[in-house]
Amino acid sequence: MTSKSELEVGAMTSTDYLMYQKPNLCGGGYGPLMRKYGLAADNVIDARIVDVNCRILDRKSMGEDLFWAIRGGGGASFGVIVSWKVQLVDVPERVTVFTVHRTLEQNATQLVHCWQYVAPGLDKDLIIYIQSGRMSYLTGRVDSSQDRRNISIGASFYSLFLGRVNRLLPLMQESFPELGLDAAAQNIHEGKIKLCAESHSENGIEGIWRFDYELEAEYSSVIFMPYGGRMAEISESAIPFPHRAGNLYKLAHMELWQDHEAHNSERYISWSRRLYSYLTPYVSNSPRASYLNYRDLDIGVNNNEGKTSYAQASIWGLQILDLVLNLSSLLSSELLFGMDGRDSFRL
């Protein structure tokens, strides 16, 4: 056992891209400690919200139903969140991180395939996530080649371990030896810290790589974020974030382009939509789940004008829709100023 004097405390923050912390918490907020302690929103113990009547409410005055809704259900649908109170968690004084880059020639496809079965079941103290794409983008190396034969595709494995390297290495040898982690050969650092329901086949993963060879993929990447651990222990109804036990990992794909390519934006968006369509057989369905904090151009939008029917809205998930409607019956209808037929139902 580690004594209390050897522990420090950390705040549950989020790695969601291009988001400030308050919006992140409204959508859930995932990060490197989620397999140990759950989402940032799982660790919120109080909040202050300004409602439609300009009242400033805390957890006690807003009530437990509204407090439940703003932690993962999108706080902007119910008011303006001005502050959060988050439970601090114990982290060791020293942690270990590593990065391993693997190209297709170094068996990246087989490693990603293996990772799907290993990562969700790892020790709670260990998280390994993947970012795949062109190696020039992943490693920051300049690559101006337009010749597909010279483009290097691969995957980068990033990790945070809440412990020392002498404990990490035996754990990796036992659970994921295929990665070949070696303290002498890999980029492993020890330092201080203060503060998809279905797996892809190898053929399915290779299909993702084919998109990376296309012209529009120069600054694109696919991120594989593992669940399991504490994420699988928390009830799917604890907060409005139902993606718990039964989900192996979250898959996110990003497409970036330069300012001078703005006139070609539709071409890049089309690339992203084609990849999205390709992934359909491998991700959750009925409905196809998504993450509130990742805004999507194509899903979750009801009628821009006029009323939206229950049947139309239900395609985004009956379970969450019913929870929202039940909550709306407890609150003033004018308080739900996001529920006007234009907001999204995102799972």
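Further up the page is the structure itself.
What you are looking at is a predicted structure, and each value in this text was computed from that prediction instead of being measured. (Residues numbered from 1 in each chain as written. Predicted model: local features only at pLDDT ≥ 70, side-chain atom pairs only at ≥ 80, totals over all residues. Heavy atoms only, no water.)

J.: In this structure, what is going on with the overall build of the protein chain? I would like to understand it.
T.: Counting its regular elements, the protein chain contains 12 helices and 11 strands. Looking at the 347 residues of the protein chain, the share that counts as buried comes to 47%. When the accessible area of the protein chain is evaluated, it comes to approximately 17400 Å², of which 52% is carbon and sulfur surface. (Helix = DSSP H or I, 4+ residues; strand = E, 2+ residues; numbered from the N terminus. Buried < 20%, exposed > 50% of the residue type's maximum accessible area, 1.4 Å probe, protein only. Areas by Shrake-Rupley, 256 points an atom, 1.4 Å probe, with all protein chains shown as cover.)

J.: Mind showing me how you'd approach the environment of L179 here?
T.: With respect to the helices, strands and loops of the structure, L179 is situated in the loop between α7 (165-175) and β9 (187-192). Each C-alpha atom, one on L179 and one on W115, is 9.0 Å from the other, the two residues being 64 residues apart in sequence.

J.: Would you mind going over the packing of aromatic side chains with me for this structure?
T.: Between two aromatic rings, the relevant description is the distance of the centres plus the angle of the planes. All told, the structure shown has 12 aromatic pairs when counted by the stated rule. Measuring from ring centre to ring centre gives 6.2 Å for Y137 and Y219, while their planes differ by 80 degrees; the resulting arrangement is edge-to-face. For Y137, a relative accessible area of 25% gives the class partly exposed. Since its relative accessible area comes to 29%, Y219 is described here as partly exposed. Seen from their ring centres, F157 and F176 are 6.4 Å apart, and the 65 degrees between their planes marks the pair as edge-to-face. In this pair, F157 sits in strand β8 (residues 153-161) while F176 sits in the loop between α7 and β9, placing the two residues 19 residues apart along the sequence. Like F157, the residue F176 is buried in the burial classification. Taken together through their ring pairs, the aromatic side chains of F211, W271, Y278 and Y282 make up a single cluster. Positioned over the ring face of Y268 is R267, at 5.0 Å from the centre of the ring. (Phe/Tyr/Trp six-rings, centres within 6.5 Å; stacked < 30°, edge-to-face > 60°. Lys NZ or Arg CZ within 6 Å of the ring centre and 35° of its normal.)

J.: What am I meant to see in unusual backbone geometry here?
T.: Peptide bonds are mostly trans, and most non-glycine residues show a negative phi. Phi at C54 is positive, roughly 65 degrees, even though this residue is not glycine. You can see C54 is positioned in the loop between β2 (44-50) and β3 (56-57). Residue classification places C54 among the exposed positions, given a relative accessible area of 65%. Phi is positive for N107, close to 70 degrees, though the residue is something other than glycine. Tracing the chain through its elements places N107 in the loop between β6 (94-103) and α5 (108-118). Residue classification places N107 among the partly exposed residues on the basis of a relative accessible area of 44%.

J.: What's the story with the sheet that holds β3 in this structure? I'm lost.
T.: Each strand in a sheet pairs with another by means of backbone hydrogen bonds, the pair being arranged parallel or else antiparallel. The strand order across the open sheet built from 3 strands is β3-β2-β4, with neighbouring strands paired in antiparallel fashion. Two strands lie at the open edges of the sheet, namely β3 and β4 (80-86), each paired on one side alone. Summarising the sheet, β2 and β4 pair through 6 bridges and their orientation is antiparallel. Across the sheet, residue V50 finds its bridge partner in β4, namely V80. (Pairing = 2+ DSSP bridges.)

J.: Please explain a nonpolar patch on the surface as it appears in this structure.
T.: There is a patch of nonpolar side chains on the surface, built from I56, V80 and V82 and spanning about 250 Å² of accessible area. Among the residues examined, V82 registers a relative accessible area of 37% and is labelled partly exposed. (Patch = residues over 30% accessible without salt bridge, like charges linked within 9 Å, V, L, I, M, F, W, Y side chains within 5 Å. Salt bridge = Lys/Arg side-chain N within 4 Å of Asp/Glu carboxyl O.)

J.: I would appreciate a short explanation of the nonpolar core in the present structure.
T.: W115, I128, F157, M172, F176 and F224 are the most contacted members of the largest nonpolar core, which totals 38 residues. Residues within four places of F176 in sequence aside, it is in contact with L111, C114, W115, V118, I128, F157 and L171. Residues Y30, L39, V91 and Y291 belong to the second largest nonpolar core, which totals 18 residues. (Core = buried A, V, L, I, M, F, W, Y, C linked by side-chain atoms within 4.5 Å. Contact = heavy atoms within 4.5 Å.)

J.: Help me understand the pattern of salt bridges, please; the structure alone is not making it clear to me.
T.: Note on pairing: side chains with opposite charge can pair once their charged atoms come close. Summed over the entire model, instances satisfying the criterion amount to 10 salt bridges. For the salt bridge of K124 with E233, the shortest nitrogen-to-oxygen distance reads 2.7 Å. Owing to a relative accessible area of 31%, K124 belongs among the partly exposed residues under this scheme. Between R267 and E216 there is a salt bridge, with its nearest N and O atoms 3.0 Å apart. One end of the pair, R267, is in helix α10 (residues 265-278); the other, E216, is in the loop between α8 (202-212) and β10 (220-226), and 51 residues separate them in sequence. You can call R267 partly exposed: its relative accessible area is 29%. A single network of salt bridges, built from pairs that share partners, joins K36, D123, D125 and R167.

In short, shape yes, function no, at least from these values alone.
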